[in-house]
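# Descriptive structure summary
Okay, here's what each chain looks like letter by letter:
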Amino acid sequence: MLKINPEFRKTLSQALGEEVLFLCYQCGKCSAHCPVFHRVPDRFNPRKILEMAYLGVEQLLEDPALWLCTTCYECVENCPQTVNFVDIIVTLRNLAMDRGLAPKSVLDEYQAVTNKGFVYPLTGRIRKVKEELGLSITGDGDSPSFQQVLEVRHG
Amino acid sequence: MPNLKNPGTPKEEPRIGVYVCHCGLNIAGSVDCESVAEFAKTLPGVVIARDYRYMCSDPGQELLKQDIKEYRLNRVVVASCSPRLHEPTFRRAVMEAGLNPYLFEMANIREHCSWVHLYDREAATEKAKDLVKMSVYRAYHLEPQIEIKVPIQQTAMVIGGGVAGIQAALDLADTGYHVYLVEKEPSIGGRMAQIDKTFPTMDCSICILAPKMAEAGRHPNITLLTNAEVENISGYIGNFNVQVRKKPRYVTADCTACGDCSKACPQTAPNEFDVGLATRKAIYIPFPQAVPAQYIIDPELCLTLSKGAIVCEECIKACEKKAIDFTDQEEILNIEVGTIIVATGMDVYDPLKNHDYGYGLFPNVITSLEFERLINAAGPSKGHLIRPSDRKIPKTVAFIQCVGSRSVRDGNEYCSNICCMNTVKDALLIREHWPDTQIFVFYQDIRAFGKGFEALYRRSKEEGVVYIRGLPSRIEEIGDHNLRIYAEDTLLGKEVVLDAELVILSVGLIPRKDRDAIQKILALSLTEDGFFLEAHPKLRPVDTAVGGVFLAGCAEGPKDIKDSVTQASAAAARAGILMAKGEVAVEALTPQIVEDLCKACGLCAKVCPYNAWMWSKEDRKPPVLIEASCQGCGTCGAECPSDAIVMRHFPDEAIYAEIDALTEENPERKVLAFCCNWCSYAGADLAGVSRIQYPPEVRIIRTMCSGRVDMDFVLYALSRGIGAVLVSGCHIGDCHYITANHQTKKRMERLWVRLERMGIRKERVQLGWFSAAEGAQFAAKIREMVEILKTVTPEEIEKTKEILAKQWKVPQAALRATAFVRPERRMDEVATRPSAS
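Bear in mind that the values here come from a model prediction, so they are computed numbers and not experimental data. (Residues numbered from 1 in each chain as written. Chains lettered and ligands numbered in written order. Predicted model: local features only at pLDDT ≥ 70, side-chain atom pairs only at ≥ 80, totals over all residues. Heavy atoms only, no water.)

This paragraph deals with the overall build of chain B. Within chain B, the regular secondary structure consists of 25 helices and 38 strands. A compact globule built from 837 residues should have a C-alpha radius of gyration of about 28 Å, and chain B, at 31 Å, falls within 12% of that. Taking the principal axes of its C-alpha atoms as reference, chain B extends roughly 95 × 70 × 55 Å. Split into buried and exposed, the 837 residues of chain B put 60% on the buried side. Taking as baseline every contact in chain B between residues at least 6 positions apart, the subset at least 24 positions apart corresponds to 73%. Total accessible area computed for chain B in this model is approximately 32900 Å², and 52% of it derives from carbon and sulfur atoms. (Helix = DSSP H or I, 4+ residues; strand = E, 2+ residues; numbered from the N terminus. Rg over C-alpha atoms; globule rule 2.2 N^0.38 Å. Buried < 20%, exposed > 50% of the residue type's maximum accessible area, 1.4 Å probe, protein only. Contact = heavy atoms within 4.5 Å. Areas by Shrake-Rupley, 256 points an atom, 1.4 Å probe, with all protein chains shown as cover.)

Here's what the structure looks like:
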């Protein structure tokens, strides 16, 4: 069962703007255009994510579906009501991160970025090129400027 | 009688009654009405102040009448809703108590206060007090006025000959009034003539329309002007002069519509009536039932007419009745009418703009209007529904709903009202013609709200029409020009694919592309959707803000045939009421001239949009007003450099008095907004009705037109320490007084230069245009004004005052206005104004 949480709805309304939430008519054009939906319709449906956001279903933040969107903008391009689904998904991901509700793989990546400044470990070839160019190979995870960027992200 | 001798000088001692209406909780919910009434008692001239639950109710009005007698009131202020709503009600009430209706004044504490400051009771109450004070100060300067009555011509004009126009014309003609029915196309009939069947009864459209068309054609009280366009309209309620351009037909009334000419004609073009699906000749009749049943020549297609020399005369040879006349000329007709009904209809959305569904690319993707012609017995396929690519009967047909409707992206946010039922009807029609055809409808909501609609929707389901909830993402052409439709069935949450042989786009209705011409000629307002705006959405749904002009049919908004006919009859009744009365009282808002002050410069004559001031350069005499031409915008009054013009009911003194009232306390924390009666004041009312919240710092002064706003009004407000001023009116081109707001614009530009030169920040004085439909935009502007207000420091205000004290002279009228509250001024400062003529 999905629980409608009025408080969470208020949070979303403030974060996204009420207009973004009510514009949707659930016409289904976004999902019909969505490449991810075409592959895994049971796991990702932008229309349903929007409906859950509209209702204020807090479980949405735990839903791994949030992390399946490729932000390709097909839905945004084709929405008759000009709903910016990509903005919405990014906001929802940020909320999920803030509450530590993102999937472990995402949290691990986040840790990797904040610690090292790299998402993926350096391969030998990249390391070589970097050394040739005189770039740091330890990552910038602890540099003050990098931390600053993260802070800005948190607003 | 108005005090012509000394307008503006103190007359009898004011005895003002103030009535603060609760309007149930509409006002009392956010405004402490009792304390407003208590406050009113402290104002100069106020003899009695009360608060009451519903002032507009019978007991409320009774209370007012009793008080007028008991307390010998000579001015009445009601603080309630917008004067645009109840001013006539209260004017009648005070009149019944023996008071001149022009001695009544209204403070708008609902639309402009309680409804827009719902959650700030303290600020709303303070503002309401200010508004009441402004009205009391203004009331003192009101004078009794006599309204002149103008006769109403007993003829009407209906613009547009669709079903709405025909119905309105017939109703008026049957009542006994002569009607001119003007139609742009060669035949009346409009969109309804193009449609095959009508919902929800499925009866034949032309079968029920043709008798009405014929009746309109032969009615002794109807003059049919087809192939004709309204060029210009001058005049006012009851007395319009309409210029109609009647284009040449090149075929005389002797035509029997036998069609021999058409058979002989060698020139061919797409037939507009069949939406380009069939052809017609250069000499043609749009459709068999056309009224007048008279052929017409397309001059651009005809070999002879387009070349300007006789190169072909096949039609002349073929015509036994000798009805063809190549020398036919365009005519300009001048027609005097008392009332006008605008029934100009709509256009259909053009899906070429919408690339999703391949319209224009794939031959078997058609619009619902094209479908009507394809299924119609008189259409290009003789009523056999065939698909365009190969003329085969389609086995699978898909409809797609909301094409061009309910879409922010396509610019039409509204629901087009008819498409759902039209599709249900069309689906049933296909099943009637080809029972084996499978029909699918892609929709987002089915709106079957009318009488008999749900039953028809149900019937279509019984007939096997399948409804899929979800708008397709795209359509691909597969082999044989068949179409593959991709969509999400939103109820399943799965992608579905359907192969169809014909796709019908259910296109929405849009405002007519040539709407602007009529809108500008008549100075009508538009809704945000672009349809004509009614005077009141519920209580005056077929009136416009322009007296004597009414609306019918889709010109007012998308609607079906039944609603168009209903509205047409209503419009005819409204126009008929006016004409039956025979005369109408015109508000006494015209100016008077004080000849001793007039320097005969002629500026008033120059700025008047109606040429109502008679003045000649040679005479150098004060101008003379043509009362019947003047509409009372007040632009002359604002422009007059010697303040020699006194606007009835809106004299300078009254406006200065209002400014005085609102600047008495904390003027630096206030925004003064001048709003014109027709657009921006109505827009502010709409913000109220829509409960759009905006900051409470604003105080609105109503003038009939923004053209009335004298530069001195703004300077006076600044000299009194106001924080910011907004002057607002109708959009340029939409002015109720034709071009009066052009003067506003010019004047404001001059004012900004002047302010800059004096060293006053010109950002503090803003100009804004808002239509009656732009409540949200008005509210947004007020928010912006309050942001500006925040940047104004007390030092800046003081400096402004100093600058103005040195460089600007307070007008006499302002001194007279303030004498009311500051009696000491009456003696030493105020020169009595010389007598008016």
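Another aspect to go through is the pattern of salt bridges. All names here are of chain B. As enumerated under the stated definition, the model contains 61 salt bridges over all chains in all. Note that Glu229 is salt-bridged to Lys184, the shortest N-O span being 3.9 Å. Of this pair, Glu229 sits in strand β11 (residues 228-236) while Lys184 sits in the loop between β7 (178-182) and β8 (197-198), placing them 45 residues apart in sequence. Taking the relative accessible area as the measure of exposure, Glu229 reaches 29% and is therefore partly exposed. Overlapping salt bridges bring together Lys184, Glu229, Lys247, Arg512 and Asp514 as one network. (Salt bridge = Lys/Arg side-chain N within 4 Å of Asp/Glu carboxyl O.)

Residue and element names in this part refer to chain B. Overall, parallel pairing links the five strands, which are arranged β10-β7-β6-β18-β29 in an open sheet. With one partner strand each, in any of the chains shown, β10 (222-225) and β29 (549-551) form the two edges of the open sheet. Along the sheet, successive strands turn relative to each other by an average axial angle of 20°, direction set aside. The pairing of strand β6 (residues 155-159) with β7 spans five bridges and is parallel. Bridge pairing in β7 places Ala156 opposite Val179. Here helix α6 (residues 163-175) sits on the sheet in contact with β6, β7, β10 and β18 (339-342), set at roughly 165° to β7. (Pairing = 2+ DSSP bridges. Axes fitted to C-alpha atoms, helices over the stretch in contact; angles between N-to-C directions.)

So, about the pairing of β18(B). All names here are of chain B. Because side chains alternate across β18, one face comprises the buried residues Thr339 and Ile341, and the other comprises Ile340 and Val342, equally buried. As paired elements, β6 and β18 share four bridges and run parallel to each other. Across the sheet, residue Ala156 finds its bridge partner in β18, namely Thr339. For β18 and β29, the ladder comprises three bridges, and the chain directions are parallel. Residue pairing in the sheet places Val342 in a bridge with Leu551 of β29.

Residues and elements named next belong to chain B. Spanning 21 residues, helix α15 (residues 561-581) covers 30 Å between terminal C-alpha atoms, matching the ideal 30 Å at 1.5 Å per step. Summarising the contacts, the buried residues of α15 are in contact with β6, α6, β18, β29 and β30 (583-586). Looking one or two places after α15, you find Gly582, whose phi comes out positive at around 85°. (Expected span 1.5 Å × (residues − 1).)

Let us now look at the interface of chain B and chain A. Each partner contributes residues to the interface: chain B has 21 residues there, and chain A has 22 residues. Of the roughly 1700 Å² buried between chain B and chain A on both sides combined, carbon and sulfur atoms contribute 45%. Among the residues of chain B in contact with chain A, Val408(B), Arg409(B) and Glu488(B) are the three that bury the most area, contributing 29% of the side total. One salt bridge connects Lys494(B) with Asp42(A), and the closest N-O pair in it is separated by 2.7 Å. It is strand β25 (residues 483-489) of chain B that contributes the most residues to the side of chain B that touches chain A, three residues altogether. Along the lines of polarity and charge, the residues of the side of chain B that touches chain A split into six nonpolar, six polar and nine charged. (Buried area = accessible area lost by both parts, 1.4 Å probe. Nonpolar A, V, L, I, M, F, W, Y, C, P; charged D, E, K, R; others polar.)

Moving on, we come to the state of the cysteines. Note on terminology: disulfide describes a covalent bond linking the sulfur atoms of two cysteines. Residues and elements named next belong to chain B. Scanning the model with the defined rule gives one disulfide over all chains in all. Across the disulfide from Cys204 sits Cys207; the S-S distance is 2.2 Å. Judged by the torsion about the S-S bond (80°), the Cys204/Cys207 disulfide is right-handed. Its relative accessible area of 48% is what places Cys207 among the partly exposed residues. The closest cysteine sulfur to the non-disulfide-bonded Cys33 is located on Cys21, 7.4 Å from its own sulfur. With no disulfide of its own, Cys735 has Cys705 as its nearest cysteine by sulfur position, at a separation of 4.2 Å. According to the relative accessible area criterion, Cys735 is buried, its value standing at 2%. (Disulfide = S-S within 2.5 Å.)

Residue and element names in this part refer to chain B. Val18, Val76, Ile659 and Phe674 are the most contacted members of the largest nonpolar core, which has 80 residues in total. Examining the composition of this core, we find that eight residues originate from one element, helix α5 (residues 121-140), more than from any other. When residues of this core are assigned to domains, at least three fall in each of domain 1 (1-147) and domain 5 (590-647 + 650-837). Beyond its immediate stretch of four places on either side in the chain, Ile659 contacts Leu672, Phe674, Ile701, Phe713, Tyr716 and Ala717. Judged by nonpolar contacts, the second largest core, of 59 residues, contains Met213, Ala269, Leu301 and Cys302. (Core = buried A, V, L, I, M, F, W, Y, C linked by side-chain atoms within 4.5 Å. Domains from an automatic or database assignment.)

Attention shifts here to the domain arrangement of chain B. All names here are of chain B. Split into domains, chain B comes out as domain 1 (1-147), domain 2 (148-247 + 330-345 + 512-585), domain 3 (248-329), domain 4 (350-510) and domain 5 (590-647 + 650-837). If you average the C-alpha positions of domain 2 and of domain 4, the two centres end up 32 Å apart. Every contact between the two is made by 18 residues of domain 2 and, on the other side, 24 residues of domain 4. Where domain 2 abuts domain 4, roughly 1800 Å² becomes buried across the two surfaces, and 66% of that area is made up of carbon and sulfur atoms. It is Asp196, Phe199 and Met202 in domain 2 that bury the most area against domain 4; as a group they hold 34% of the surface buried on that side. Taken together, domain 2 and domain 4 are joined by zero salt bridges. Along the contact surface separating domain 2 from domain 4 lie five residue pairs in polar contact (both at pLDDT 80 or more). A class-by-class count of the residues in the side of domain 2 that touches domain 4 yields eight nonpolar, two polar and eight charged. (Polar contact = N/O pair within 3.5 Å; in protein donor to acceptor, adjacent residues only side chain to side chain.)

Turning to the domain arrangement of chain A, a few remarks are in order. Domain assignment breaks chain A into domain 1 (6-98) and domain 2 (104-150). Centre-to-centre, using C-alpha coordinates, domain 1 of chain A lies 30 Å away from domain 2 of chain A.

Per the counting criterion, the structure on display carries 13 cavities of 30 Å³ or more. In this structure, the largest cavity is lined by 16 residues; those nearest its centre are Glu105(B), Met106(B), Glu658(B), Tyr681(B) and Ile700(B). Broken down by secondary-structure element, the contributors of at least two residues to the lining of the largest cavity are β4 (104-108), α5 and β36 (698-703) of chain B. Of the residues assigned to the lining of the largest cavity, the class counts are nine nonpolar, three polar and four charged. A volume near 140 Å³ is recorded for the second largest cavity. Forming the walls of the second largest cavity are 17 residues, and the residues nearest its centre are Cys24(A), Cys30(A), Leu50(A), Cys79(A) and Val83(A). Contributions of two or more residues to the lining of the second largest cavity are made by α3 (29-33), α5 (46-55) and α6 (74-78) of chain A. It is α5(A) that provides the largest number of residues to the lining of the second largest cavity, a total of three residues. (1 Å grid on protein atoms, 1.4 Å probe; cavity = no way out; pocket = protein on both sides within 12 Å on 5 of 7 lines; lining within 4 Å. Points joined across faces, edges and corners; volume = space filled by probe spheres on them.)

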